[in-house]
There are 2 protein chains.
Amino acid sequence: MAKILDCTLRDGGYYTNWDFDKSLVNQYLESTNNLPIDYLEVGYRSIPMKGYLGKYFYCPIYELEDIRKRSLKKIVIILNEKDIRVEHIKDLLGPIVGLVDMVRIAIDPEYLGRALVLAEGVKKLGFEVGFNVMYMSKWKQYGDFIKELKNVDGIADYFYMVDSYGGVYPEDVIETMNLVRENTKCKLGFHGHNNLELALINSLTAISQGIDIIDATIWGMGRGAGNLKTELLLTALNSKEGLDVDFNALGTVVNSFDTLLKKYEWGTNLPYMISGSNSLPQKDVMDWVTTRFYSFNSIIQALQNQKAKVEDNERLPIFESTESIDEILIIGGGKTAVDHAEGVMEFILSNPNMTVIHASSKNASHYNTIPNKQVFCLVGNEGHRMEQVFDNFGNFEGICVLPPFPRKMGTYIPSTVREKCFELPSVEFTDKFKDSHTALALQTAIFLNSSKVFIVGYDGYQDVQLSQKERDLTEENETLFSLFNDNISPLTSLTPSVYKKLKFDSVYSYIYEK
Amino acid sequence: MAKILDCTLRDGGYYTNWDFDKSLVNQYLESTNNLPIDYLEVGYRSIPMKGYLGKYFYCPIYELEDIRKRSLKKIVIILNEKDIRVEHIKDLLGPIVGLVDMVRIAIDPEYLGRALVLAEGVKKLGFEVGFNVMYMSKWKQYGDFIKELKNVDGIADYFYMVDSYGGVYPEDVIETMNLVRENTKCKLGFHGHNNLELALINSLTAISQGIDIIDATIWGMGRGAGNLKTELLLTALNSKEGLDVDFNALGTVVNSFDTLLKKYEWGTNLPYMISGSNSLPQKDVMDWVTTRFYSFNSIIQALQNQKAKVEDNERLPIFESTESIDEILIIGGGKTAVDHAEGVMEFILSNPNMTVIHASSKNASHYNTIPNKQVFCLVGNEGHRMEQVFDNFGNFEGICVLPPFPRKMGTYIPSTVREKCFELPSVEFTDKFKDSHTALALQTAIFLNSSKVFIVGYDGYQDVQLSQKERDLTEENETLFSLFNDNISPLTSLTPSVYKKLKFDSVYSYIYEK
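Residues numbered from 1 in each chain as written. Chains lettered and ligands numbered in written order. Predicted model: local features only at pLDDT ≥ 70, side-chain atom pairs only at ≥ 80, totals over all residues. Heavy atoms only, no water.

As named in an unreviewed UniProt entry, chain A is Aldolase catalytic domain-containing protein, taken from Flectobacillus rivi.

Caption draft 1: Fine view of the packing of aromatic side chains. Tallying each qualifying case throughout the model produces 40 aromatic pairs over all chains. On the basis of an interplanar angle of 70° and a centroid distance of 5.9 Å, the ring pair of Phe 20 of chain A and Tyr 56 of chain A is categorised as edge-to-face. Taken together, the residues Phe 20 of chain A in the loop between helix H1 (8-16) and helix H2 (22-33) and Tyr 56 of chain A in helix H3 (residues 55-58) connect sequence positions 36 residues apart. Take Phe 20 of chain A: its relative accessible area is 8%, and that puts it in the buried class. Note on Tyr 15 of chain B and Tyr 264 of chain B: the rings are 6.2 Å apart at their centroids and 55° apart in plane angle, and the pair reads as tilted. Within this pair, whereas Tyr 15 of chain B is found in helix H1 (residues 8-16), its partner Tyr 264 of chain B is found in helix H12 (residues 258-264), the two being separated by 249 residues in sequence. (Phe/Tyr/Trp six-rings, centres within 6.5 Å; stacked < 30°, edge-to-face > 60°. Helix = DSSP H or I, 4+ residues; strand = E, 2+ residues; numbered from the N terminus. Buried < 20%, exposed > 50% of the residue type's maximum accessible area, 1.4 Å probe, protein only.)

Caption draft 2: Structural context of the relation of the copies chain A and chain B. Mapping chain A onto chain B is achieved by rotating through 180° and translating by 0.0 Å along the same axis, at an RMSD of 0.1 Å. What we have between these two chains is a two-fold relation. Within chain A, Glu 197 of chain A has its C-alpha nearest the rotation axis, a separation of 2.9 Å. Most of the interface of chain A is mirrored in chain B: 100% of its interface residues are interface residues there too. (Least-squares fit on C-alpha atoms with pLDDT ≥ 70 in both. Contact = heavy atoms within 4.5 Å.)

Caption draft 3: Just the pairing of strand S8 (residues 213-216) of chain B, in detail. Residue and element names in this part refer to chain B. Residue alternation in S8 divides its side chains into two sets, Ile 213 and Asp 215 and Ile 214 and Ala 216, and both sets are buried. In this sheet, S8 lies alongside strand S1 (residues 3-6) in parallel orientation, the contact comprising 4 bridges. Counterpart to Leu 5 in the pairing with S8 is Asp 215. Taken together, strand S7 (residues 187-191), helix H9 (residues 199-208) and S8 form a β-α-β motif whose crossover is right-handed. (Pairing = 2+ DSSP bridges. Right-handed = clockwise from strand over helix to strand, strands pointing away.)

Caption draft 4: Main features of unusual backbone geometry. All names here are of chain A. Located in the positive-phi region is Trp 219, a residue other than glycine, with phi close to 60°. Relative to the assigned elements, Trp 219 resides in the loop between strand S8 (213-216) and helix H10 (230-241). By relative accessible area, Trp 219 is classed as buried at 12%. Phi is positive for Phe 433, which is not a glycine, with a value near 55°. Checked against the element boundaries, Phe 433 lands in the loop between strand S13 (421-423) and helix H19 (437-447).

Caption draft 5: Broad picture of the UniProt feature "domain: Pyruvate carboxyltransferase" (unreviewed entry) in chain A. UniProt records the feature "domain: Pyruvate carboxyltransferase" (unreviewed entry) at residues 2-251 of chain A, using the numbering of this structure. End-to-end, the C-alpha atoms of residues 2-251 of chain A are 22 Å apart, and along that stretch the chain is 39% helix and 17% strand. (UniProt positions renumbered as here; feature names shortened; annotations may be inferred.)

Caption draft 6: View of the nonpolar core. In terms of nonpolar packing, the biggest core is built from 222 residues, with Phe 131 and Phe 159 of chain A together with Phe 131 and Phe 159 of chain B touching the most fellow members. Residues within four places of Phe 159 of chain B in sequence aside, it is in contact with Phe 131, Val 133, Trp 139, Phe 145, Leu 149, Val 152, Val 180, Cys 186, Lys 187, Leu 188 and Gly 189 of chain B. (Core = buried A, V, L, I, M, F, W, Y, C linked by side-chain atoms within 4.5 Å.)

Caption draft 7: Representation of the sheet that holds strand S6 (residues 158-162) of chain B within the structure. All names here are of chain B. With respect to topology, 8 strands assemble into a closed barrel ordered S1-S2-S3-S4-S5-S6-S7-S8, the strand pairing being parallel. Here the average twist between neighbouring strands, direction ignored, is 25°. Sheet topology note: the S1/strand S2 (residues 39-44) ladder contains 2 bridges and is parallel. Each residue of the ladder has a partner; that of Leu 5, found in S2, is Tyr 39. (Axes fitted to C-alpha atoms, helices over the stretch in contact; angles between N-to-C directions.)

Caption draft 8: Helix H4 (residues 61-70) of chain B, seen in detail. Residue and element names in this part refer to chain B. Looking only at H4, the buried set comprises Glu 63, Leu 64, Asp 66 and Ile 67. All buried residues of H4 lie within an arc of 160° about the axis, which places them on one face of the element. Exposed side of H4, more than 90 degrees from the buried face: Tyr 62 and Lys 69 are the residues found there. In the core, the buried residues of H4 are packed alongside helix H2 (22-33), S2, helix H3 (55-58) and strand S3 (74-80). (Arc of directions from axis to C-beta.)

Caption draft 9: Here's a closer look at the interface of chain A and chain B. With 44 residues of chain A at the contact, the number on the chain B side is 44 residues. Carbon and sulfur atoms make up 60% of the surface buried where chain A meets chain B, a total of about 3600 Å² over both sides. There are 6 salt bridges connecting chain A and chain B. If you list the elements that add at least two residues to the side of chain A that touches chain B, you get helix H8 (170-181), helix H9 (199-208), H10, helix H11 (247-256), helix H13 (270-277) and helix H15 (296-307) of chain A. (Buried area = accessible area lost by both parts, 1.4 Å probe. Salt bridge = Lys/Arg side-chain N within 4 Å of Asp/Glu carboxyl O.)

Caption draft 10: A look at the environment of Ile 207 of chain B. All names here are of chain B. Tracing the chain through its elements places Ile 207 in helix H9. Distance from Ile 207 to Glu 65, taken between C-alpha atoms, is 33 Å for residues 142 residues apart in sequence. Apart from residues lying up to four places away in sequence, Ile 207 is in contact with Ala 2, Ile 214, Leu 233 and Leu 237.

Caption draft 11: A look at the packing of H9 of chain A against H10 of chain A. Residues and elements named next belong to chain A. In contact at an axis separation of 11 Å, H9 and H10 are set at 50° when each is read in the N-to-C sense. When the interaxial angle is binned, H9 and H10 end up oblique. Between H9 and H10 lies a crossing whose hand is right-handed. Mapping the contact onto sequence places Leu 200, Leu 204 and Ile 207 in H9 and Leu 232, Leu 233, Ala 236, Leu 237 and Lys 240 in H10. Across the contact of H9 with H10, the residue classes tally to 7 nonpolar, no polar and 1 charged. (Parallel < 35°, antiparallel > 145°, perpendicular 65-115°, else oblique. Left-handed = near helix turned anticlockwise from the far one by under 90°. Nonpolar A, V, L, I, M, F, W, Y, C, P; charged D, E, K, R; others polar.)

Caption draft 12: Main features of the sheet that holds strand S15 (residues 491-493) of chain B. Residue and element names in this part refer to chain B. The strand order across the open sheet built from 8 strands is S13-S12-S11-S10-S9-S14-S15-S16, with neighbouring strands paired in parallel fashion. Pairing within the sheet leaves two strands with one partner each, and these edge strands are strand S13 (421-423) and strand S16 (503-504). Of the strand pairs in this sheet, strand S12 (residues 399-402) and S13 are connected by 3 bridges, and their pairing is parallel. Of the residues in S13, the one forming a bridge with Val 401 is Phe 422. Contacts from helix H19 (residues 437-447) reach strand S9 (327-331), strand S10 (355-358), strand S11 (374-377), S12, strand S14 (452-456) and S15 within the one sheet, and its direction differs from that of S11 by about 145°.

Caption draft 13: Representation of the pattern of salt bridges. All names here are of chain A. If you walk through the whole model with that rule in mind, you get 41 salt bridges over all chains. Asp 66 is the salt-bridge partner of Lys 69, the closest N and O atoms lying 3.6 Å from each other. In this pair, Lys 69 and Asp 66 both sit in helix H4 (residues 61-70), 3 residues apart, roughly one turn of the helix. Where Asp 101 meets Arg 68, a salt bridge forms, and the shortest distance between an N and an O atom there is 3.0 Å. Placement of Asp 101 in the loop between helix H5 (89-93) and strand S4 (102-107) and of Arg 68 in helix H4 is noted, with a sequence separation of 33 residues between them. Classification of Asp 101 by relative accessible area gives partly exposed; the value is 25%.

Caption draft 14: Structural view of the environment of Leu 270 of chain B. Tracing the backbone through its elements, the reader meets Leu 270 of chain B in helix H13 (residues 270-277). Residue Leu 270 of chain B is classed as buried on the basis of its relative accessible area of 0%. Each C-alpha atom of the pair Leu 270 of chain B and Leu 99 of chain B lies 41 Å from the other, and the pair is 171 residues apart in sequence. Sequence-distant contacts of Leu 270 of chain B, that is, excluding residues within four places in its chain, are made with Glu 231, Thr 235, Leu 250, Gly 251 and Val 254 of chain A together with Phe 296 and Ile 300 of chain B.

Caption draft 15: Layout of the side chain of Asn 351 of chain B. Residue and element names in this part refer to chain B. Topologically, Asn 351 is positioned in the loop between helix H17 (341-349) and S10. Exposure remark for Asn 351: the relative accessible area of 11% places this residue in the buried category. Engagement of the side chain of Asn 351 in a polar contact is seen with the backbone oxygen of Phe 347, the distance being 2.7 Å. (Polar contact = N/O pair within 3.5 Å; in protein donor to acceptor, adjacent residues only side chain to side chain.)

This is the structure we're talking about:
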């Protein structure tokens, strides 16, 4: 029977930035004491890294002492080979001898040699040593790596095959196990990802082939689409192999992670499926899916581009402004741009020289009768939205601007507006969130040399509870507004908004003034 | 290459009660027009059934006409063999000749003979005929069914193996396909459920064995843990077999079901995994998981009982009251029972003859110093909660009541209170929600012959948006309060509450009175 390693805290930390409520951790340790799990990997140990990373990224001694006291299981921490060198071992691992049973090392196969040096140092301190070697679906292409495998013998206690992209099938597991076994006598492990919902069958296949250890996490919590679910593995082994499982303990620990699941919503979805089945990096996808402003379809589009190895589809004519524009109105996708459309329309019509920039085409149909110059910001998949908003482009009078080349998220242009598309030469006023709708709209305003910029339809979110996505979007817009305000010119919102960096006037006061 | 049948509207209807926004349906039809899907099953046709069932359970002619107009795919409806007889065919199917291409029949293998008669009638009208035969994991046990299979030839166009419990593995798929092929020449189909996240690998295995048609639904929407995800099947076939997939269309349709997914949260979880891997009926589990008041652990416990074929663990002494109690206070699990605990305590202490009933032990620790008689309602897994609330039961002075024998959700009793447990002889004042905490508490009050019943800690939910579970619980409690109020005696809440069927007094006014 294979051993089971649960790495919920370590791998789940990708979602929580490695902070977990202590009460949750205690519940986890108590419940797992009653479950047929052999090892618990509770986090990283690391030299100081830039930016905030939580408790379980560094695993301070006092925390490991407490875990050691509470848990009956073997305790594991992991090192990131790319950041840790043999000279760090004394500080990082010296103090945890006796607290931790196994040290794993996350290894890019290209650096197996360097990892072996590090591992020898770890081994000398008396720890079990696990090698977590990434990108198993590509190992056949690394001839040198395969040859080096024999050097693992006697150093690593477990040699893990990691399905980094979540795209391997049961037959690939068998093939890779055979490949590795031809080259090393080391005990083998498997760490599966669930992009294609194959983590269970891949793990069971590995078990049927005599694998020695399997990784899993509660609810599959882990980077991107997540991992094999501990509860699924235990339930399957209970019914298939008669593994003794205390389902009350299992139910309790699964239930205790429910709040985090609802908050972070990890698990597979179409973007992760596409990246998994095409061996595209999970990291970008997780970034796009969880914390940025991209629509679902923009992500699909970007992945299609990556898959086709198209960094970007094409170069477009550069956007140039031949004249200085007096005033600009930027229309956002918020509800106030609809609620106050009549007032805004009157304001626009009384300023025939004002250029209107649609940050999103979401509300553009409410303004399609105006004679003013109009600019549409085409970020990511916005072209698809435009097609839905405008039934046909027969009388499309505006122009479209796109982010500078190359565009990570791709270039989709409805064929009927193709001749009216331009790319910005650069986005200069900000070094963050450069490819957002708002950055594009503001940079366009800068290139148009406008003296005064109004905005409407940037409502922000007023709910007490914001989703992570809504919080991020708010933060991004605040950052962009602030940079523009401070360095370029004041931004005046003419509709209600919760953004703090905006100045306010009422659109109705402007109409009155006329 | 196997054909693909998407049955999102039919199978997803188990969550929406077969109502879907027309705009969502139109988006679904438009997107699927651009996807390599062959058949769309859009709902049931049915004779009138009791209770409300939505549009796509009956599929009125005008709706099928509209679908026919919008869709380029073959259109399918399904009949429930258990409800439909050959004499219903004329009315149900006569008017949809030309609108629908295939009629499927959901069949219990025990009634294959009866289904064949029905199918002949369907076939005569010119429809393609699909047999969706349930419980494939148990077919080996049905000798007669296997012998009858030859009669399917010439009547069914597709003979589907349905993994009703969601517990079959790839090797079972192969075995069952072989078993069926030995007995019929009919083209074969597979309908997989995703309890163990095996729907994809089972379907791919069936395809590798030459299956003719595969079922899937968007996001896996379907009864219980749901089905094979259409987007997963298409993505896998795209990368493995080069199937041409328009990922923008796929992304659009997947995204359009996102709101329903957030609302109903279908998909697998530990209860579904347990039921799947032990061939326990999905229907109960879905009922427990989605619409009732059971805790996660109660469900686990109940499934453990089913698995062990323990209908109920034991008979307990019958709860009898030897005396007539003057007043009763029922304490619920709401926050007000904590916020106002001091006031409630004073009220209790000033009424030494009052019996206190803890509907849930959630708040009981706030009242553990009172000298009054105390009764604890042990529903489902409440015993586990009690153990957490009370560190030890050394000085446990109360008694526990459980629902009448047999208890569907099982009997869990902490060993230290075993001698103080009784079961109610019956729950009579209501014929609904008999095994809820509230029903148990109110029935106990009835058996205690009390003249006056107060309640605290029944707050209800005040959020604008309630989850389905919260809405159901509110409705259940309102029903029970109303029955008790109208037929037994008035119920007075002494803490704030949103329940409309309660009378109100302030706990502080009672203290003042003394």
